[in-house]
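Below are the chains, spelled out letter by letter.
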Amino acid sequence: MLAILAATTPVAAFAQIPSAQPPISVEPVPSELELAKLLWSTMTAVHHANLSGNYSVLRDISSPGFQVMNNAARLGEVFASIRESRVDLSSALLLAPTYTEPPSVAEPGVIRVRGYFGLRPTALFFDFFFQWVEGRWRLHGVSISPQAIASDEAPERGRSSTR
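Residues numbered from 1 in each chain as written. Predicted model: local features only at pLDDT ≥ 70, side-chain atom pairs only at ≥ 80, totals over all residues. Heavy atoms only, no water.

Some points on the confidence of the model for the protein
Formally: As a per-residue quantity, pLDDT reports the predictor's confidence and falls between 0 and 100. By definition in these notes, contact holds between two residues if any of their heavy atoms fall within 4.5 Å.
Of all residues in the protein, 75% have pLDDT values of 70 or greater, and the mean over the chain is 82. Note on residues 1–13: pLDDT under 50 across the span, and 53 contacts to partners over four residues away in sequence or across chains. Predicted confidence is poor over residues 157–163, with pLDDT under 50, and the contacts of this stretch with residues over four places away or in other chains come to 26 contacts.

Below, the structure written as structure tokens:
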């Protein structure tokens, strides 16, 4: 199931994980820079989809399970609250991510990365799942939660999604 938390209205759906997985030893452990690039590219893909109203590219670059569970129209519905709030997700490109917990293996072949981009006045919290597919990490689940924060306080931990 893919989970998306937008503003204060949670909307949920997660991709199911296909049963056939490559051996875990085949999957590289992403470096900090590689993780940041995955996060930045995901935020950019969602941002471009929100600007254009076309979610087919976001869907097409995601894992097969994500694609099965989410057609482009469904993704448009899921991201509607973020799109309507006009939060600029591309601002995430300005900062390195801050992790609220270490990236972890959620299931064989799937990593979970949780944290936020500490923008002011609206931090962008994320909870992403990436699946190792055909030699690269692909988006498998996403939660994005913009949260207003005071300028001199650390952001509180964003809402977490259930799988």
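Brief notes about the environment of L95
Filter applied, for reference: Strands are runs of DSSP state E lasting at least 2 residues, helices are runs of H or I lasting at least 4, and numbering of each runs from the N terminus.
Residue position: L95 is located in the loop between α5 (80–85) and β3 (98–99). In this structure, the C-alpha to C-alpha distance between L95 and F117, residues 22 residues apart in sequence, is 6.4 Å. Every residue in contact with L95, bar those within four places of it in the chain, is listed here: W40, F117, G118 and L119.

Remarks on the packing of aromatic side chains
So the rule is basically this: A pair of aromatic rings is counted whenever rings of Phe, Tyr or Trp (Trp by its six-membered ring) have centres within 6.5 Å, and the orientation is called stacked for planes under 30 degrees apart, edge-to-face for over 60 and tilted otherwise. Only protein chains enter the area calculation, which uses a 1.4 Å probe; residues under 20% of their type maximum are buried, those over 50% are exposed, and those in between are partly exposed.
A full pass over the atoms with the stated rule returns 6 aromatic pairs. The interplanar angle of 5° and the centroid separation of 5.8 Å between the aromatic rings of Y55 and F79 together place this pair among those described as stacked. With Y55 in the loop between α1 (32–52) and α2 (56–60) and F79 in the loop between α4 (72–78) and α5, this pair connects stretches of sequence that are 24 residues apart. Exposure remark for Y55: the relative accessible area of 2% places this residue in the buried category.

What to know about the nonpolar core
How we decide: Buried residues of nine kinds, namely Ala, Val, Leu, Ile, Met, Phe, Trp, Tyr and Cys, make up a nonpolar core once their side-chain atoms join them within 4.5 Å.
Counting residues in hydrophobic clusters, the biggest one holds 28 residues, and the most contacted among them are M43, L58, F79, F128, F130 and I144. In this structure F128 touches L39, T42, M43, I111, R112, V113, G141, V142, S143 and I144, once residues within four positions along its chain are discounted.

Examining unusual backbone geometry
Note the cis peptide between R120 and P121, where omega equals 5°. When you line up the elements, P121 lands in the loop between β5 (110–117) and β6 (122–133). Positive phi outside glycine occurs at E134, with the angle close to 50°.

Concerning the pattern of salt bridges
Going by this rule: Any Lys or Arg side-chain nitrogen found within 4 Å of a carboxyl oxygen on Asp or Glu counts as a salt bridge.
Under the counting rule described, the total for this entry stands at 4 salt bridges. Of the charged contacts in the structure, one is a salt bridge between E101 and R114, with a shortest N-O distance of 3.3 Å. Here E101 is found in the loop between β3 and β4 (104–107), whereas its partner R114 is found in strand β5, with 13 residues between them in sequence. E101 gets classed as partly exposed once you look at its relative accessible area, which sits at 24%. With a relative accessible area of 8%, R114 lands in the buried category. Note that R114 and D127 form a salt bridge whose closest N and O atoms lie 3.6 Å from each other. With R114 in strand β5 and D127 in strand β6, this pair connects stretches of sequence that are 13 residues apart. Across the pair, exposure class does not vary: R114 and D127 are buried alike.

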